[in-house]
Number of protein chains: 2
Amino acid sequence: MQIVLLSGGSGKRLFPLSNEIRAKQFIKIFEHGTKHESMLQRVFRQIKNNFPNAAITVSTSKAQEKILRKYVDSEVAISAEPCRRNTFPAIALTAAFLKTKNISADEPIIICPIDPYVEEDFFAQFETMASLIKKSAANLILLGIKPTYASEKYGYIIPASKDNVSQVLEFKEKPDAESARKYIHRGGLWNGGVFACKLSYLLKKSRELLQTDNYADLLNNYSELPDISFDYAVSEHEKNIKVVRYNGEWKDVGTWNTLTEVMQEHSVGKVYFDSTCENSHVINETDLPVVAMGIKDIVVAASADGILIADKTQSSYIKPIAEKIHEPIRFAEKSWGTYTVIDSDNHSLTIKVILTAGARMRYHSHERRNEVWTITQGKGRVILDGEVKNVSAGNVIEIPAGMKHTVIADTDLKIIEVQLGEDISVEDKVLWEDLI
Amino acid sequence: MQIVLLSGGSGKRLFPLSNEIRAKQFIKIFEHGTKHESMLQRVFRQIKNNFPNAAITVSTSKAQEKILRKYVDSEVAISAEPCRRNTFPAIALTAAFLKTKNISADEPIIICPIDPYVEEDFFAQFETMASLIKKSAANLILLGIKPTYASEKYGYIIPASKDNVSQVLEFKEKPDAESARKYIHRGGLWNGGVFACKLSYLLKKSRELLQTDNYADLLNNYSELPDISFDYAVSEHEKNIKVVRYNGEWKDVGTWNTLTEVMQEHSVGKVYFDSTCENSHVINETDLPVVAMGIKDIVVAASADGILIADKTQSSYIKPIAEKIHEPIRFAEKSWGTYTVIDSDNHSLTIKVILTAGARMRYHSHERRNEVWTITQGKGRVILDGEVKNVSAGNVIEIPAGMKHTVIADTDLKIIEVQLGEDISVEDKVLWEDLI
């Protein structure tokens, strides 16, 4: 059994903690022991508890690949899309990727989004699904989630019976509440995007719909592939398709409203509630104290990128308002650490750069800005136009435009970087081959 | 007529915009034309519109003196308390200060807090009060504010009649609502702390209660003076006391609840409301976007020192919770400009320093920290151990511990200052005599 986790979903629904480059699965919001873990960390932990030797591949975008690598074990494979497409091209690319790894065509593949909020027994269903695939009980086995209410937000799978495993009769896209109630009455299940099939099945669908199952071909033409979902391209047309019923807890935590429902604590970060607050949550990623008084059914989220104060129900409608905000992104997680804009104006930008021990930036230069680095913590080496220099807290490095530079962190390293120029832009970056 | 404005009241009731060093009268919150003005600027504008040549003295603390000077005309005199005392010592010190300026002992003095939120005709009452004092109609003339509701927050003045000018029968401290209603029925007026008397009267009271009316004596022994209010020390014992009735609008805007009532706009700064917000105010001093969705009767305030989200009624009870927060102050207004901490950790502090053209820091050194200054905007001169050097955007100045240094801004100047040391403290500052 191979597990493929689909890690997509960057977006603004969890503003200001998610944005174009920061996906919700990386936000550390769930209490676990004395720390907080992200949705991604939680799901990996749960899968490992079910299947200690699980073979996992994550399908994600090129942009997320390096950050993902920081959070998953080295045995986990990553299939990176060169650009964002819908689930069918992503799954086809991953299938072709698995073929290059010599996975048997008969191997059961479980496909699952990376961000369901579930209890551990959810993943135990993978075994049932894989064994049904092995027995060739169907070409495609879905996991159907027993609805807890007549939601208008989810797709429904209509099974032939209410048995634990049943033939699928049809799919219904997000219905109105009245139809949802009817579907549930008929035994309808939520479609959580989890399914199993053989690798050969995915490769066959790829050949049929994309004319190839060759990894290099798919990769090279990726931006040309059709933007279609797996459900639309495959599941809805498959006749030999069954559904496994899952009766346990499953939550889609894609909005502040649903996310706060599953948080174990009412606050993360430096937060002071007075005694009259009710059913409110504050997630504070900043260093500033947040004081909440007498608020009811409110979610507050604060980060380097902004501050949200929303009635919980209303927070579901954040997308159009978050899209009105055209601000440069101030916090970013990088392969080498984090980057936080702490001050900005027309001709300068001040950034807190934190590198983790052993990490390094790529060797690069800028054409239109000078930089001043003040090392405030740790030890490392900078390379400036080919010259290696040891640096530690207190050192100041001036990097004029055009100078090739990088830094290698020998311990955790903190740098206050002042960028100076008429035209400061993240695009202004020339990469050079690493020297050491 | 001499007008004395009492500018006290630093405190945490308007957290995070007011604190131990930042008084509420400096917060720029009231729309005026295309800009925002502070309570202080509003009151000065209103007084000047009534009395273009008003002789004004501001009684304030030493800590506020320099900031105050930035906002008031050079003709305005400032009487600075060496430390914080109550209103009686502050008024006695100011009276002694006026005596040193050769103000006649018969001159009517009007005492008024610096932060009433009123319409312009409020100040027109000063003339009436001064003329009553001149006619020696009483030793003390109070301004009584016609109550708009049976408030439990204010002191009441009980007059002998409901006439425009009446003898005062007695004072009642903050009553319960039931008593307040009775007082109002008897014609009771709110005590807004505004009164008139002759300079000689204040000097006499100073001699009686503080054994001197000599300015130098009061100044030198200031910390030993009793911590008593003028009402308690003087008004409540005065038999020959009258009150002038004021029927216009008067508002005490000392809490977020009352302050937002008089704001002309629902937001200050970068704020996005969705269409479902009701009766809510957001004051955002940060560069970050604030998004508010579906909130009702809420005040939000964000600054470099913190974030408040409060139900408006509940916001009146902020003091105990704000006092629990023990964070170093991150934003400060200085005589030379502003100072904002933009990043802090154990052994470094990064600060955005903005100097206004013509301003300068005092020549100083630090014993336990190095500093790195990167000039990001403007032109100026730094002096480093006696050596003067021109600086402009892009220059980097390294200042090791022990080095005497200062900067003079020839244009508006912006500096990113990184402080580095094991023991960074605002106390670590040695002042030296200015060289140029």
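In what follows, the structure referred to is the one given above.
Position labels on residues start from 1 in each chain and follow its written sequence. Written order decides the labels, with chains lettered from A and ligands numbered from 1. Only residues with pLDDT of 70 or above have their local features reported here, since the model is predicted, and side-chain atom pairs are shown and tallied only from 80 upward, although totals for entire chains, interfaces and linings are computed over all residues. To get the side-chain values, take all heavy atoms of the structure and skip hydrogens and water.

Participant: Break down the pattern of salt bridges for me, with residues and values.
Facilitator: Salt bridge, as applied in this entry: a Lys or Arg side-chain nitrogen positioned within 4 Å of an Asp or Glu carboxyl oxygen. Going through the model one piece at a time under the given rule, you end up with 50 salt bridges over all chains. Residue E249(A) pairs with K251(A) through a salt bridge whose shortest N-O separation is 3.7 Å. Classification of E249(A) by relative accessible area gives partly exposed; the value is 36%. With its nearest N and O atoms 3.4 Å apart, the salt bridge here joins E333(B) to K70(B). With E333(B) in strand β20 (residues 331-334) and K70(B) in helix α2 (residues 62-71), this pair connects stretches of sequence that are 263 residues apart. The class of E333(B) is buried, set by a relative accessible area of 16%. When its relative accessible area of 33% is taken as the criterion, K70(B) is described as partly exposed. One salt-bridge network, in which partners are shared between bridges, spans D343(A), D345(A), K352(B) and K414(B). Three labels apply to residues, based on accessible area from a 1.4 Å probe with only protein chains included: buried if under 20% of the type maximum, exposed if over 50%, partly exposed otherwise in between. Here a helix means four or more residues in a row that DSSP labels H or I, a strand means two or more in a row labelled E, and each is numbered from the N terminus.

Participant: Residue-level account of the relation of the copies chain B and chain A, with values.
Facilitator: To go from the first copy of the chain to the second, apply a rotation about an axis and then a shift along the same axis. When the copies are superposed, the least-squares fit draws on C-alpha atoms of residues that have pLDDT of at least 70 in both. Taken as rigid bodies, chain B and chain A are interconverted by a rotation of 180° and an axial shift of 0.0 Å, the fit giving an RMSD of 0.1 Å. A rotation of that kind, with that shift, is consistent with a two-fold axis. Distance from the rotation axis, computed per C-alpha, reaches its smallest value in chain B at I342(B): 3.0 Å. Contacts are assigned to residue pairs with any non-hydrogen atoms lying within 4.5 Å of each other. With an isologous cut-off of 70% or more, the 100% of interface residues of chain B that recur at the interface of chain A puts this contact in the isologous class.

Participant: Run through the sheet that holds strand β18 (residues 298-303) of chain B, naming residues and quoting values.
Facilitator: Think of it this way: DSSP has to see at least two bridges between two strands before they count as a pair. Across the sheet, which stays open at both edges, the six strands sit in the order β15(A)-β17(A)-β19(B)-β18(B)-β16(B)-β14(B) with mixed pairing between neighbours. In the strand order of this sheet, the two ends are held by β15 (271-273) of chain A together with β14 (267-268) of chain B, each with one partner. Bridge count for strand β17 (residues 290-293) of chain A against strand β19 (residues 306-311) of chain B is four bridges, and the pairing is parallel. Counterpart to V290(A) in the pairing with β19(B) is I307(B).

Participant: Explain the interface of chain B and chain A to me, and be specific about the residues and the numbers.
Facilitator: Chain B puts 55 residues into the contact, and the matching count from chain A is 55 residues. Put simply, buried area is how much 1.4 Å-probe accessible surface two parts lose in total, over both of them, once they are put together. Summed over both partners, the interface of chain B with chain A comes to about 4,500 Å²; 66% of that surface belongs to carbon and sulfur atoms. Contact with chain A buries area across many residues of chain B, yet M293(B), I307(B) and I309(B) alone supply 16% of it, more than any other trio. Here chain B and chain A share eight salt bridges between them. Between D343(B) and K414(A) there is a salt bridge, with the nearest N and O atoms lying 2.7 Å from each other. Each polar contact in these results corresponds to two N or O atoms within 3.5 Å; when the atoms are within protein, one needs to be able to donate a hydrogen and the other to accept it, and residues that are neighboring in sequence are counted only if both atoms are side-chain atoms. At the boundary of chain B with chain A, the tally comes to 24 residue pairs in polar contact (both at pLDDT 80 or more). With six residues, the top contributor of residues to the side of chain B that touches chain A is β19(B). Gly is placed with the polar residues, together with every amino acid not listed as nonpolar (Ala, Val, Leu, Ile, Met, Phe, Trp, Tyr, Cys and Pro) or charged (Asp, Glu, Lys and Arg). For the side of chain B that touches chain A, a count of residues per class yields 29 nonpolar, 13 polar and 13 charged.

Participant: Which residues make up helix α6 (residues 199-210) of chain A, and what are the values?
Facilitator: Structural remark: α-helix, 3.6 residues per turn; residues separated by three or four positions point the same way. One less than the number of residues in a helix, times 1.5 Å, gives the span that helix is expected to have. Taking 1.5 Å as the rise per residue, α6(A) with twelve residues should run 16 Å; its terminal C-alpha atoms sit 16 Å apart, in good agreement. For α6(A), the secondary structure elements touched by its buried residues are α3 (87-100), β6 (108-113), β8 (140-145), β11 (189-198), α7 (215-220) and α8 (230-233) of chain A.

Participant: Could you give an account of the packing of aromatic side chains, with specific residues and numbers?
Facilitator: All names here are of chain A. Planes of paired rings set the category: under 30 degrees apart is stacked, over 60 is edge-to-face and the rest tilted, where pairs are Phe, Tyr or Trp rings (Trp by its six-membered ring) whose centres lie within 6.5 Å. Summed over all chains, the structure comprises 30 aromatic pairs over all chains. For the ring pair Y149 and W190, a centre distance of 5.5 Å and an interplane angle of 80° mean the geometry is edge-to-face. Of this pair, Y149 sits in the loop between β8 and β9 (156-159) while W190 sits in strand β11; the two residues are 41 residues apart in sequence, bridging distant segments of the chain. In this structure Y149 comes out as partly exposed when scored by relative accessible area, which is 43%.

Participant: Kindly report on the pairing of strand β10 (residues 165-172) of chain B, identifying the contributing residues and their values.
Facilitator: For a regular strand, side-chain orientation follows a simple rule: the groups alternate between the two sheet faces. Residue and element names in this part refer to chain B. Two strands pair when backbone bridges link them, and strand β9 (residues 156-159) and β10 are joined in this way by four bridges, in the antiparallel orientation. Paired with I157 across the bridge in β10 is F171. Taking the residues between adjacent antiparallel strands as the criterion, β9 and β10 are bridged by five residues.

Participant: Break down the environment of D213(B) for me, citing the residues and quoting the values.
Facilitator: All names here are of chain B. With respect to the helices and strands, D213 occurs in the loop between α6 (199-210) and α7 (215-220). Residue classification places D213 among the buried positions, given a relative accessible area of 13%. The spatial distance from the C-alpha of D213 to the C-alpha of F97 is 9.2 Å, given a sequence separation of 116 residues. Each residue touching D213, except ones within four places of it in the same chain, is listed here: A96, K99, L203, S206, R207 and L218. A distance of 3.0 Å separates polar atoms of two side chains, one belonging to D213 and the other to K99. Side chain to side chain, D213 and R207 meet in a polar contact 2.7 Å long.

Participant: Give me the pairing of strand β22 (residues 348-355) of chain A: which residues, what numbers.
Facilitator: All names here are of chain A. The element β22 is largely enclosed, with a buried count of seven among its eight residues. Where strand β21 (residues 337-345) and β22 come together, eight bridges link them in antiparallel fashion. By the bridge assignment, S344 is partnered in β22 with L349. Turn length for the β21-β22 hairpin, with the two strands adjacent in sequence and antiparallel, is two residues. Sheet analysis places β22 next to strand β29 (residues 413-420), joined by eight bridges and oriented antiparallel.

Participant: So what's going on with the nonpolar core? Residues and values would help.
Facilitator: Grouping buried Ala, Val, Leu, Ile, Met, Phe, Trp, Tyr and Cys residues that are joined through side-chain atoms within 4.5 Å yields what is termed a nonpolar core. By size, the foremost hydrophobic cluster in this structure holds 45 residues, and its most contacted members are L5(A), F122(A) and F126(A). At seven residues, the largest contribution of residues to this core is made by helix α4 (residues 121-134) of chain A.

Participant: Pulling in residues and values, what's your account of the sheet that holds β21(A)?
Facilitator: Whenever strands of a sheet pair, they do so through backbone hydrogen bonds, lying parallel or antiparallel. Residues and elements named next belong to chain A. Taking strand neighbours across the sheet as the criterion, the six strands line up as β20-β21-β22-β29-β24-β27 in an open arrangement whose pairing is antiparallel. Because the sheet does not close on itself, it has two edges, and the strands there are β20 (331-334) and β27 (396-399). Neighbouring strand axes in the sheet, compared pairwise and without regard to direction, differ in orientation by 20° on average. Axes, fitted as lines to C-alpha atoms, cover a helix only where it is in contact. Angles between the N-to-C directions of the axes lie from 0 to 180 degrees.

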